[in-house]
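If you want the building blocks of each chain, they are given just below.
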Amino acid sequence: MPSKTPHTNGDKPVENGINGTKDVEMKDDAPATLKGGKGKKLKEGDEEMTVVVPPSKGSKLSAPPPKDTDGDVAMDGNEGAEGEDAGAVKIDPVAKAVADIKSNFPLLERAVTLFDARFSLRALRSISSIRKRLTPDILAQVITETYPSTSPAAKSLLVAIDRENATFTKPASSEMEIDSESKKSAKKEQKEIIPEVDIFLGILTQIYYLDNKITQQGAEFSAYLAERIHTLNRRTLDSLTARVYFYYSLFCEQMAPLPPSPSSPVVALRPTLLSALRTAVLRKDIDTQSTVIVLLLRNYLSTFHIAQADLLLSHTKFPDTASNNQVARYLYYQGRIRAIQLQYSDAHEFLVAATRKAPTSPSAAGFAQTAQKLLLVVQLLMGDIPERATFRVASMERALQPYLMLVQAVRVGLLGEFENVINQHAETFRRDGTYTLILRLRQNVIKTGIRMMSLSYSRISLRDICIRLKLDSEESAEYIVAKAIRDGVIEASLDRERGFMKSKEVGDIYATREPGDAFHDRIRACLTLHDESVKAMRFPMNQHRLELKNAQEAREREREMAKEIQDGDLDEDDLGGEFEGM
């Protein structure tokens, strides 16, 4: 009987991996059978069954894995916690910021390789998400991991952010191995950093200075960047150059003494901007040209040099292919200049175009509000009353509240209420730069009052007009009424002998050309928007030439092959059956 005991595991069929209590007791023979049967073909079926039978639940419990021997047997509550920690891996914000900055370097390299500015613009658009995390340590880490220790550009950038003692982690070429794989890596490491990367990191340094209000050092570093860009003379730097000059101008505007002081740094910046504009025109640098023109207009308006700004507009041509943001700024400043020069019709046209081109993103709400405020004042100066829906826009309702009260006072024609609104919100109007224009509205309030009286009364005396409008004398009322009739504000006649104003019957406005003119203006605006949208579409440069070149080369190859076939140098088998002839 003892000799048959070891064979009890194979005498009975196995059911679901459990063969009774005797099968569980055979745990010492299973490893021996597996060990002895390794590499050999077993003859007996029962011994083969001992190899195939999976371990039972009891055997699993009796032989736990080694991980559980440390006391981690109760895995019910901790296993879920470890899974959550593994899923929500904490990301180092410094490493994330460094990786985001470095991810723009391949875009700049592609912009240089393909000579396509779209990749540079894509890198510049990523700055808005990076600027909140910029610190000198992050910039220093990017510089030390990107440049070799002997790079002068890296040293200048580190000095600018006060990290000149930072240690470089990029391996030098002398410390590398000599095998074939290390040679390839050495070539990659020794690859020269393109100047576009230098200027991009310089722009990030400018933004760090601007956000931390380090204006003096920011202006000095911006002057250094502008000088370096001027010496490089690379067309792939155009979009980066425009951004450098933009921040350079902002630094000068924030330095004391502030404009409109004649000794403000913005006055000293004008020769630099004019030189940059001349260079950009000669190099056909569209981005820098449009940006510098807008900065010069802003510069002249900050010191109230309207005549010089008008001369700049008359002697320069704004690029047709400029970016939409620069076009909106240019139209706004042009509208402000025309409004100051009393050319309200032209100013209204420019400001309407500026509000239509204004970006719709919440980050650009300030520009839309500023343009809309100036547009409302120009509409009032033209004698028009803005629509009520303009003041109900969610993003402008609070900002336009003082202007709503102003429009209500002008619409009713009450001179006293108009003066009260000015006195109450004078500081807001001065901050918006519309105070001097609003002071001109006094005559418009009087004209509006006269228009309301001409619609209400068929005949009214000059004395009543003087009392209602709170004028000094009847002669002043007579002069104002005569000017309103001459300007076409009202349809009436003035009887000086009897001292009254007689209104004419109001005709049907749809019988005039005014509705047609308004409809024509809207159609023209839509067509202009369509044309500008088509011009704004960007395509890879010289792509059509590459296609024509490839087609021409294919035709040349076909001619050569056909000629060789005719001469007998080639046959159809040599062509692989793909040549179809001319």
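Preceding block: the structure.
A few points on the structure. (Residues numbered from 1 in each chain as written. Predicted model: local features only at pLDDT ≥ 70, side-chain atom pairs only at ≥ 80, totals over all residues. Heavy atoms only, no water.)

A pair of packed helices is characterised by two quantities: the angle between their axes and the separation of those axes. Two numbers describe how helix α15 (residues 215-232) lies on helix α16 (residues 238-254): the axes approach to 9 Å, and their chain directions differ by 150 degrees. When the axis of α15 is compared with that of α16, the two are roughly antiparallel. The hand of the α15/α16 crossing is left-handed. Residues Thr215, Gly218, Ala219, Ser222, Ala223, Leu225, Ala226 and Ile229 of α15 pack against Thr241, Val244, Tyr245, Tyr248, Phe251 and Gln254 of α16. (Axes fitted to C-alpha atoms, helices over the stretch in contact; angles between N-to-C directions. Helix = DSSP H or I, 4+ residues; strand = E, 2+ residues; numbered from the N terminus. Parallel < 35°, antiparallel > 145°, perpendicular 65-115°, else oblique. Left-handed = near helix turned anticlockwise from the far one by under 90°. Contact = heavy atoms within 4.5 Å.)

Further remarks concern the packing of aromatic side chains. Taken as a whole, this structure holds eight aromatic pairs when the rule is applied. An angle of 70 degrees between the planes, with centres 5.9 Å apart, marks the rings of tyrosine 332 and phenylalanine 367 as edge-to-face. Linking tyrosine 332 in helix α20 (residues 324-340) with phenylalanine 367 in helix α22 (residues 365-381), this pair joins segments that are 35 residues apart in sequence. The class for phenylalanine 367 is partly exposed, based on a relative accessible area of 22%. What links up through ring pairs into an aromatic cluster is the set Tyr208, Tyr209, Phe221 and Tyr224. Geometry around tyrosine 435 places arginine 430 over its ring, the cationic atom sitting 4.2 Å from the centre. (Phe/Tyr/Trp six-rings, centres within 6.5 Å; stacked < 30°, edge-to-face > 60°. Buried < 20%, exposed > 50% of the residue type's maximum accessible area, 1.4 Å probe, protein only. Lys NZ or Arg CZ within 6 Å of the ring centre and 35° of its normal.)

Judged from the three bridges that link them, strand β1 (residues 459-461) and strand β3 (residues 500-503) form a sheet pairing that is antiparallel. The partner of serine 461 across the bridge, within β3, is phenylalanine 500. Of the strand pairs in this sheet, strand β2 (residues 492-495) and β3 are connected by four bridges, and their pairing is antiparallel. Directly across from aspartate 495, in β3, lies its bridge partner phenylalanine 500. What sits between the antiparallel neighbours β2 and β3 is a turn of four residues, in which glycine 499 has the positive phi angle 75 degrees. (Pairing = 2+ DSSP bridges.)

Let us look at the environment of proline 106. Within the element layout of this structure, proline 106 appears in helix α8 (residues 105-114). Since its relative accessible area comes to 42%, proline 106 is described here as partly exposed. On a C-alpha basis, the gap between proline 106 and alanine 123 in space is 9.3 Å, while along the polypeptide they are 17 residues apart.

With that settled, the discussion passes to the side chain of glutamine 289. Here glutamine 289 lies in helix α18 (residues 286-302). Residue class for glutamine 289 comes out buried when judged on its relative accessible area of 11%. If we ignore the near neighbours within four places in the chain, the residues touching glutamine 289 are Leu277, Ala280, Val281, Lys317 and Pro319.

Among the surface-exposed residues, Phe519, Ile523 and Leu527 lie close enough to one another that they form a single nonpolar patch of about 310 Å² accessible area. Looking at the secondary structure, you find leucine 527 in helix α30 (residues 514-536). (Patch = residues over 30% accessible without salt bridge, like charges linked within 9 Å, V, L, I, M, F, W, Y side chains within 5 Å. Areas by Shrake-Rupley, 256 points an atom, 1.4 Å probe, with all protein chains shown as cover. Salt bridge = Lys/Arg side-chain N within 4 Å of Asp/Glu carboxyl O.)

We now examine unusual backbone geometry. Between alanine 256 and proline 257 the backbone carries a cis peptide bond, its omega angle lying at -5 degrees. Tracing the chain through its elements places proline 257 in the loop between α16 and α17 (265-283). Here the bond from proline 259 into proline 260 is cis, since omega is 15 degrees, no more than 30 degrees from zero. Assignment of secondary structure puts proline 260 in the loop between α16 and α17.

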